[in-house]
Structure formats: structure tokens, C-alpha cells
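Summary of structural features
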Amino acid sequence: MKQRAYTPVLTQVARDSIPPVTGDTPGLLADLETLLPPERRVTSPDELFAYECDAQTFDRALPLAVAFPETTEEVAAIVRACNKRNVPFLARGAGTGLSGGVVAVGALVLSTSRMNRILEVDAPNRQAWVQPGVVNLHLSRALAPHGLHYAPDPSSQYACTIGGNVAENSGGPHTLKYGVTTNHILGLEVVMPDGSVALLGGPAPDLPGYDLTGVFVGSEGTFGIATRILVRLTPNPEGVKTVLAIFDTVLDACRGVTEILARGILPAAIEMIDQRTLRAVEPYIKAGFPMDAAAVLLVEADGLVDDLDDQARRIVEACTSMKAREVRLAKDDEERARLWKGRKQAFGCLGRLAPNYYTHDGVIPRTKLPEVLDEIGRIEARHRVMIANVFHAGDGNLHPVILYDEREEGVIDRVRQAGDEILALVARVGGGLSGEHGIGIEKLAYMKDFFGEADLAEMRKVRDLFNPRALCNPGKAVPAAGACGPAGRNKLPVGH
Amino acid sequence: MREPATEDELAAILREGKPVHAVGNGTKLHLGPGSEAEPVAVRRLAGVTAYEPGDLVACVRAGTRLADLQAELARHGQWLPIDPPYAEATIGGILATNSSGPRRLAYGTMRDHLIGLRVMGPDGSVTRSGGRVVKNVTGYDLHKLHVGAFGTLGVLLEANFKVRPRPELSAAVVFACASFREAHQLLLKVHASPLRPVALEALDGRLKHLIDGKALAIVGVEGTRPVLDRHYRELETLGGKRAVLEGERAEPLWTAIRNLPRGLVDFVRVRIGAKPFDLPRLVPDGPAWAQVGTGIARIDLPPTADASKRARQLHETAAGLGGYAVVESAPPGMPDRAKLPWGFPGHALMRAIRQSRDPRGMLNYGRMVV
């Protein structure tokens, strides 16, 4: 590969938040050589390109190096070396994140990809210790012989890791009934930012003391590096019914969501897929989606078989009463799997429509879905962008996907403005900035629209107790005091 | 006892700079070593502040009784799926003590339903974390720290919860067993079966006035008629003398079980936490009550000089299996009460967090060992 001068691509807010590296980087690289064999470190710029961003590509930078530890002890030794050399570091799983949480501006990256062992499955007690690099779906597959699974199922579950899920407090379609990552993490072994090893939580319920596990989950890698994770396992449902409800207007589909919940039904999942997405997905996945529908709802009921038919019938009735033109019940596991494949690979399929996409994941009160989707349609028209909506409707967790071609002059400005307006809308209806993708660096500038300065100061205080030297994933998740005001928001990435 | 009527009045009390002991309706003052600070009741800071049934989210001031919130939710066929003890218990008190009841087996505790919190620091300043939507990763989950913190990190003001549709039907299937151990084992068998009980409670013979038996094994079931019938059918195959109490008929029993935590103020009550299948071997003979499947047992020791030693021994054995034992309550005035093992020092970060939130130890000092 031909060498070229490298310029990081960082938004203003990223440059404001992430401090420059001032430590002894040659010293750290020398330390690494004593700590890891050559095949477990990457330092050449050519290879480092693979680690310049996550699935959110607005912010990109090269790390100092990438280390591939295999044990807790190796992680701790590397972190201690970083402390000694005063060089920032961060952990990286599969890099499927969507908020720039693993962008390393000259920092050392500790990849968890070689820490991918399921250490211990305790099936009767429904818990398992795993290393952070275990892929979410691999865990559930390994548990199948026990009739158990790990409940949080992000759409990227075929690639994303449990360590990354812990950092982001990831969700997924089935969190409507089963809760998000934080509801399924019992304990953590953590290499603290100073290189010490701590055990938070554990296998027993209601441990006395403060819930450090609870506050660690979702801290986006700024509180330390989880090196062993104790997950709660969920028995597989005895039966599952999956319903595809087809609507001629998005509004009716939204009303279908609230009607299902209003009738006292709590499905395992309610997902919405709009026409644009259906048309991108269907030719490729052949999930059986109608391409002329305005939107479909994918609704799943699970549990004991005894009343599942009844639950499915009530879901069908609720959708029909909101003018669903057709409601189909998946007839077997194969059809069910196809429908879910269509949903979970939707983001990938949208890549067929445009080379780049940018997605937000604001969460809104469910009853606001109709008006918010309506307004997103107006934002789309106003900024001449293309927006697809495929999201966790039952949770009110939007995923407006703005599709664009970065080669088009001026398009990034319009994409960002559309994104800004969507988030302002989310704030206006009392929503949350991010449901599952995290703040990372990408959403830092918006935090002030959702929290006051005193709230953010409390968050920084707790972070600084975990991470007093600010070496562990600096500049992410919570904006620095006084940084990233409105001025930072709409600035174009530099380096383009 | 002072009872501020507004948050401003509460802030003014805190700004006097004297230690306070924030309480709700005082239903759980028996838990923990105890605070000598001036009690300040926040029960007048009450009321549901926002509730849109279609959103399945309710926001409520901390001084509200859970019963009042449940009544409001029930009008829309919904509930906050927790069933902690004491009719007078407030939302703030339940959060602060991480209080839970039998149904936690299926639904979890306050920790699992809390989505946002506003709290007041010792200087009267108010901050919040989380929000009013069911899924939210905006900012750190600082509210998790307050659940079970006994008010030592701030006075709880307002909490936001995910709520759920109320189950159509509920029932308790009660087995009369020959011993506590038999009851415990029977319920572990149910736990390992395909059935989906919402509660599994093993209890010694102390509820004789309600149901006769040396010990009881109680299976809570919720859902539609076919789901209840399925449970009845399969539980029947376990044999033994049993009674089925449906709906309201089960309430006296549930209430009695829930209120057991305070029922015996004459004993040293020890809570043992462990993995569910490790629990039977950690519970000594004597008065006992276990939440099977959850992994919690409570045992009562005589308030004698060696209670402390016995509790510590229980902890050592449990700790070998990743569990623990701590004293939850003890008779007031018992000798060396303060020296009982009320907790054990956790990670130094816990003390650092407390020091940072409340450097002068003004809030609920003594309620919990950090």
C-alpha cells in the first residue's frame, strides 16, 4: 500500500474534547514489545487504518498502536504501562459501535478480539462468565444446548461483542420485554484505569454496597476495561409467534404500536420498517416483505405455548383495528428467521441505496411516534436528504437513517442539519438523545440539550473517581466542562 | 419531626448544615445499624407528576406511597411490577433500601424499572440522571448508585419508571411440606422446570395461622387462564398436600410473606445471598425464609452475644461460593448491636463516591456500611 500523509478527520467537538497525547509514546511502544509477542501488536500505519473509526465514520483518527491481550493480567500490565508513560488508551471490541466511542486519537487501542472465550456456563443458576471479546450471537448459540440464551440482541449481534455491549448498554429488538444490557449483567472483573483489578457485583443477588456494576454498564469505556463479565442467562421461550402487519400509512402503523400496548399485550418485540427500507431489503434478503406497503410492523410474542395463539390473535386484532391491510403470522421457524434476517440486516441493505449513511437513535415517548415520524418526513424534504426509518417502535427508539453520497458537494452539511433537527425534535417531545448507540464523541455536542451543567458535573465527578488521570478513553460520553457549546455543533469535519 | 412541604423547604433544612436522616413513612427504619441524625420526612413531597398510559412510563415524587401509585396505574390496567413489603412504604424508601417482594423472581427489583431520578445533594442542589423514556443511554446511569444506598448519596426527589400491563389473573399454589428443606428443594425443582412462576417462596411453619404445615412452598403464578391452568396441572404432578388460592384469596398470604421482614423484631435477621442452587446448603436449621430461584434467604438468630460470630461464619461459608451473609436488622438495645456484621467494606470506590457526594457525612449517616 502506498504511504500517504495521514490527517485525522475530527469534528470540532471531538477536537475540543479529546486532549492531545503528551506522554512518552516511544517508551510505551518499547514496553509493548516486552509485554506482547510481535503477532499480538500492530504499529504500522498501513494496518492501523483498520482501526481509525467504528461504524460511525464522521470521526476518524489513527491510534498509536493496537495491542491484542489474551488475559486479564496482560490487560492490566498494558494499562499500567500506559499509566507509567502517561499515554491514553481504550478498549475496542468488534468496532460495530455507532457513536465514535473507539476513535483513538493517538491513544493505544486494546483490542479484545483475542479475549473471546466463554469461561464458565452455570446452566442451573442461569449465569455465565465470559471474556469481553465473545461475540453476542456466539454466546447464545453456545447456550442453545442448555435451553438458555443471552437476552439483549442488538442488530449487530452476529459481530458485536459482550464487552462492547457492556460499554454501550446495548439494546436490541427484544429489549421491549426483556430489558437492556444492564438488566442482564450480574458482575464484572474490571481492569481499572490505574491498572488495578477490581471485582464489581457478583453471582449473588442484592450485594450490599453501592451498585458499581450498574453505573459501569453504559459508561462507554471511560470507567475501565471489563475483562470478565458475569451475564444473566434467560431460558428460551417455549414458543414464539411472529406477526407481520402491513400498513398503507406510517401513521396507522404507529397507531398499531400504541394499540397493541394499550390492549395490555406486552410482546417480546415490536419493530417498524418503512417503505424505503422494505424496498432496499426485500430484493436482497427475500424476507417476504411487501414492497408497496408504507410500513410494516414485525411483532413477536413469546412465552409458554398455552396462550400464545391467543396472544397472536390479540396482536392481529389490534393491528387490524388500526387499518392494517394484511396481517400475516409466520407459519414456521424458517419464515420467522427470514423476517428477522430482513430486520436485522436492514442497515446493511440500506447501503444499496447510497454509499454512506448516518443514523441517530433518539428515544421518544411511544405516544409521540405519529407526530415525530411526520416531522421527520418534513425534515427530510426540507434538507433534500433521503431518510429511511427502521426501528424499535415498541420502545419508541427511533433509528432515522440518513442516506447520502459523501462525494456530493455540500451534502454533509445538509445531513448534519437534518440530524440536528431530528435531535431537537426528540428533545422537544421529552425524549432521550440515544437509546442504545451511545454518546461517544458523535453526540457530545447535544448533551447540553438533555442535561443541565450541574447534571453533567455530577457525571464527570463519578467518572473522575474511576478514571482520575483521564487516560482511559478520554473525551468520550460526557462533554468536558465548558466545551462543545453550540458553536461546535455544525462545524464540518476537518481534513475533508 | 420536620416534614418539608416543598423541595425548597427541604433544601433550606439541608443548608442548615446539620446531619439529617431523610425518611419516607419510616417503614424500614429497622434495617441497618441506624442513624442518630435528625429525621426529616419527605412524605409530603408526593404525587404522580407525569403518567401517560400509552407510553408505559410514570414519573412520581419520592414521598408517594407505592400503593397510591399502583392505584393510579391500575385505573389503566397497568402496574409497576414490584411487590415490596408494607402498605405505607414510599417510592423513595423502597428505592433507597432496594426493597423487593416475592415477584422479583419474574420482574426484578426497582433497579430494573427505574429509568430516571432527581436527587438533592447535601448542599440542597438538585441534579438528575436518566430520563423519561424506556431505553436510554444518554449520560451515565448515576441513578443506579442510589438504589440501595439508604439515602447516603442524596435525598431522592422524583423517580421515573417503566410500567407494564397488569397480568390478567394471579394465583398462589401453596404446598404444605414436612420441613423447610423439603419446601426449598421442591421449589428448586419448579425453578428448573419449563414453568414460569413469578414467585417461589419457601417458608418455615410460622404462618400456621393462615395455612397449616410445618413448612410452606409457595408458587406465584400470573397470566391468562390457560397459563394458570398449565401451572396447576404440572404442579399437581409434584404431589403433596396443596391449596390453590386465586386472585384476592391469595392476598392475605402474600401480604403476610411480604411483611415477614419486620415480623420478628426480637431476632437478629441475617440475609444470605447466593446462587439459587447453592443456597440450600448455606441456610442453617432454624427459622428461615427463602426466595428460591432468586437466591436470597433470611434467617433469624437469637440476639445473644454469639449472634455476631454466627453471622460472620455464615458469611465466610457463603463467600466461598461467591455469596454473602449480612445482618439486616436486630433488636434495638441489644448488646454490641453496632458491632454486628451489617455489611463489609466494598471496593474503595464506594467510599470515594460517598466522600465526593457527601464529604461531611450529612446524609443518612449510619444507615449503611460503605
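This one's a predicted model, so the numbers in the text were calculated from it and none came from an experiment. (Residues numbered from 1 in each chain as written. Chains lettered and ligands numbered in written order. Predicted model: local features only at pLDDT ≥ 70, side-chain atom pairs only at ≥ 80, totals over all residues.)

Quick look at the overall build of chain A
Heads up, the condition is: Helix and strand labels come from DSSP, where a helix needs a run of H or I of at least four residues and a strand needs a run of E of at least two; each type is numbered from the N terminus. The quantity called the radius of gyration is restricted to C-alpha atoms. Its globule counterpart is 2.2 Å times the number of residues to the power 0.38. Our exposure labels follow a C-beta count within 10 Å of each residue's own C-beta, placed from the backbone: buried means 20 or more other C-beta atoms, exposed means 12 or fewer, and partly exposed covers the counts in between.
Helix and strand counts for chain A stand at 16 helices and 18 strands. What you see for chain A is a C-alpha radius of gyration of 23 Å, in line with the 23 Å of a compact globule of 496 residues. Taken along its principal axes, the extent of the C-alpha atoms in chain A is 65 × 60 × 50 Å. Here chain A holds 496 residues, and the buried ones make up 58% of them.

Regarding the nonpolar core
Grouped burial of nonpolar side chains is what soluble globular proteins tend to show. The condition that has to hold: We call a set of buried Ala, Val, Leu, Ile, Met, Phe, Trp, Tyr and Cys residues a nonpolar core when their C-beta atoms link them within 7 Å. Residue pairs qualify as contacts under a 7 Å threshold applied to their C-beta atoms, which are placed from the backbone.
One finds A:Phe89, A:Leu108, A:Val231, A:Ala245, A:Val296 and A:Leu297 to be the most contacted residues of the largest nonpolar core, which totals 197 residues. Residues contacting A:Val296, with those up to four places away along its chain left out, are A:Leu244, A:Ala245, A:Ile246, A:Phe247, A:Ile273, A:Leu278 and A:Phe289. Formed by 60 residues, the second largest nonpolar core is a distinct cluster that contains B:Cys177, B:Val198, B:Val292 and B:Ala325.

Quick look at the domain arrangement of chain B
Often the size quoted for an interface is simply the accessible area lost on bringing the parts together. All names here are of chain B. As a reminder, the rule being used: What counts as a domain boundary in this text is fixed by an automatic or database domain assignment. Residues are grouped as follows: nonpolar covers Ala, Val, Leu, Ile, Met, Phe, Trp, Tyr, Cys and Pro; charged covers Asp, Glu, Lys and Arg; every other residue, Gly included, is treated as polar.
Domains assigned within chain B are domain 1 (7–165), domain 2 (169–258) and domain 3 (260–339). Measuring from the centre of the C-alpha atoms in domain 1 to the corresponding centre in domain 3 gives 26 Å. Counting residues at the interface gives seven residues for domain 1 and nine residues for domain 3. Among the residues making up the side of domain 1 that touches domain 3, the classes are represented as five nonpolar, one polar and one charged.

As for the interface of chain A and chain B
Taken together, the contacts link 71 residues of chain A with 63 residues of chain B. The element best represented in the side of chain A that touches chain B is helix α16 (residues 453–466) of chain A, accounting for nine residues.

Re unusual backbone geometry
All names here are of chain A. You will see that arginine 126, though not glycine, has its phi angle at about 55°, which is positive. Along the polypeptide, arginine 126 turns up in the loop between β5 (118–122) and β6 (127–130). Overall, the presence of 22 C-beta atoms within 10 Å leaves arginine 126 in the buried class.

Re the sheet that holds strand β14 (residues 295–303) of chain A
All names here are of chain A. How we decide: Two strands qualify as a pair provided DSSP detects at least 2 bridges between them. The angle between two axes is taken between their N-to-C directions and runs from 0 to 180 degrees, where each axis is a line fitted to C-alpha atoms and a helix contributes only its stretch in contact.
Strands sit in the order β15-β12-β14-β13-β17-β18-β16 across an open sheet of seven strands; the sheet is antiparallel. Two strands lie at the open edges of the sheet, namely β15 (326–329) and β16 (356–359), each paired on one side alone. The average undirected angle you get between the axes of adjacent strands in this sheet is 20°. One ladder, built from four bridges, connects strand β17 (residues 386–391) with strand β18 (residues 400–404); its direction is antiparallel. Bridging from a neighbouring strand, alanine 388 pairs with valine 401 of β18.

A word on the sheet that holds strand β8 (residues 185–191) of chain A
All names here are of chain A. The strand order β5-β6-β10-β8-β9 describes an open sheet built from five strands, whose pairing is antiparallel. Each edge of the open sheet carries a strand with a single partner, namely β5 and β9 (197–201). Taking each pair of neighbouring strands and ignoring which way they run, the sheet shows an average axis angle of 15°.

Re the environment of A:Gly171
Relative to the elements of secondary structure, A:Gly171 occurs in the loop between α6 (162–168) and α7 (175–178). Among the residues examined, A:Gly171 registers 30 C-beta atoms within 10 Å and is labelled buried. Not counting the four nearest positions on each side in its chain, A:Gly171 is found in contact with A:Pro152, A:Pro154, A:Val180, A:His392, A:Asn397, A:Gly435, A:Glu436 and B:Lys135.

What to know about the confidence of the model for chain A
Parts of the model with low pLDDT should not have their predicted coordinates read in detail. Our working rule: The quantity called pLDDT is the predictor's confidence in a given residue, expressed from 0 to 100.
Averaged over chain A, the pLDDT score is 94; the fraction of residues at 70 or greater is 96%. Confidence drops under a pLDDT of 50 for residues 484–496 of chain A, and excluding neighbours within four residues, the segment shows 28 contacts in the predicted structure.

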